[in-house]
Amino acid sequence: MHLATFRDPTLSPGGRTITRTAVRGVLARGPELLLLSSRHGDYKFPGGGVEPGESFEQALRREFREECGYDGVLVGPELATTREEVPAIDVEYDVFAMTSYYFTCSGGVADAAQDLEGYEAELELAPVWITVPDALVANQQVLASGVGVMRWLVREIAVLEWLSERSR
């Protein structure tokens, strides 16, 4: 199910576009989800870019291991898809377009240390179990404050809102 497309309003149509495909996991334990908290007080779903030669399942299992220290996560059916289009950092392109596929996940054991990328370590990403309503309120507050990573806050708020509506 295509959930939402977020396009930066400053982008002009027809720009040179670089694309990226990402996978994100929705791992529940009762009423809580395993999300990554940042030093700003916001939450994001574990996941990231699919590397060349990786399947979606391989990429998501790798991301859970790197970001959460979880091994053995089982990747289930796709839940939702989002697309973001923002100004590209690379000067050869005008637009960075990322499609994120969200999957239901289960299982896994926290038995490894995190292996964070530079920006992830700088944001002090840490795995936490939190309810959808609590994560949603926190993300909305951080978005309103303007201190978080806006590019993922809008996307993650949309997914959390969708999950909240589905659970009613």
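Up top is the structure.
These numbers were taken from a predicted model, which means no experiment stands behind them.

## So, helix 1 (residues 56-68)
Part 1 of the argument: Between its first and last C-alpha, helix 1 extends 17 Å over 13 residues, near the 18 Å set by a 1.5 Å rise per residue.
Part 2 of the argument: Along helix 1, the residues classified as buried are Ala59, Leu60, Arg62, Glu63, Phe64, Glu66, Glu67 and Cys68.

## Describing the packing of helix 3 (residues 132-145) against helix 4 (residues 150-166)
Part 1 of the argument: For the pair helix 3 and helix 4, the least separation of the axes is 9 Å and the interaxial angle reads 150°. Our classification of the angle between helix 3 and helix 4 gives roughly antiparallel. With respect to the hand of their crossing, helix 3 and helix 4 are arranged in left-handed fashion. From helix 3, Val132, Ala135, Leu136, Asn139, Gln140, Val142 and Leu143 reach across to helix 4, where they touch Met150, Leu153, Val154, Glu156, Ile157, Leu160, Glu161, Leu163 and Ser164.
Part 2 of the argument: Within the contact of helix 3 with helix 4, the residues separate by chemical class into 11 nonpolar, 3 polar and 2 charged.

## A few points about the pairing of strand 3 (residues 32-37)
Part 1 of the argument: Counting buried positions along strand 3 gives 5 out of 6 residues, so the element sits mostly inside the fold.
Part 2 of the argument: Across 2 bridges, strand 2 (residues 17-29) lies against strand 3 in antiparallel orientation. By the bridge assignment, Ala28 is partnered in strand 3 with Leu33.
Part 3 of the argument: In this sheet, strand 8 (residues 126-131) lies alongside strand 3 in antiparallel orientation, the contact comprising 6 bridges. Directly across from Leu34, in strand 8, lies its bridge partner Trp129.
Part 4 of the argument: Alignment of strand 3 against strand 4 (residues 43-44), held across 2 bridges, turns out to be antiparallel. In the sheet register, Leu36 faces strand 4, and the bridge partner there is Lys44.
Part 5 of the argument: The loop that links strand 3 with its antiparallel partner strand 4 comprises 5 residues; one of these, Gly41, has a positive phi angle of about 95°.

## Re the pattern of salt bridges
Part 1 of the argument: If you walk through the whole model with that rule in mind, you get 12 salt bridges.
Part 2 of the argument: A salt bridge links Arg16 to Asp94; the nearest nitrogen and oxygen atoms lie 2.9 Å apart. You can see Arg16 sitting in the loop between strand 1 (2-7) and strand 2 and its partner Asp94 sitting in the loop between strand 6 (70-87) and strand 7 (95-110), a full 78 residues away along the chain.
Part 3 of the argument: Of the charged contacts, one joins Glu67 and Lys44 as a salt bridge, the two residues approaching to 3.9 Å between their closest N and O atoms. With Glu67 in helix 1 and Lys44 in strand 4, the pair connects residues that are 23 residues apart, well separated along the chain.
Part 4 of the argument: With relative accessibility at 3%, the residue Lys44 sits in the buried group.
Part 5 of the argument: Connected through shared salt-bridge partners, Glu54, Arg62, Glu63 and Glu66 make up one network.

Cut-offs used in this document
- Residues numbered from 1 in each chain as written.
- Predicted model: local features only at pLDDT ≥ 70, side-chain atom pairs only at ≥ 80, totals over all residues.
- Heavy atoms only, no water.
- Helix = DSSP H or I, 4+ residues; strand = E, 2+ residues; numbered from the N terminus.
- Expected span 1.5 Å × (residues − 1).
- Buried < 20%, exposed > 50% of the residue type's maximum accessible area, 1.4 Å probe, protein only.
- Axes fitted to C-alpha atoms, helices over the stretch in contact; angles between N-to-C directions.
- Parallel < 35°, antiparallel > 145°, perpendicular 65-115°, else oblique.
- Left-handed = near helix turned anticlockwise from the far one by under 90°.
- Contact = heavy atoms within 4.5 Å.
- Nonpolar A, V, L, I, M, F, W, Y, C, P; charged D, E, K, R; others polar.
- Pairing = 2+ DSSP bridges.
- Salt bridge = Lys/Arg side-chain N within 4 Å of Asp/Glu carboxyl O.

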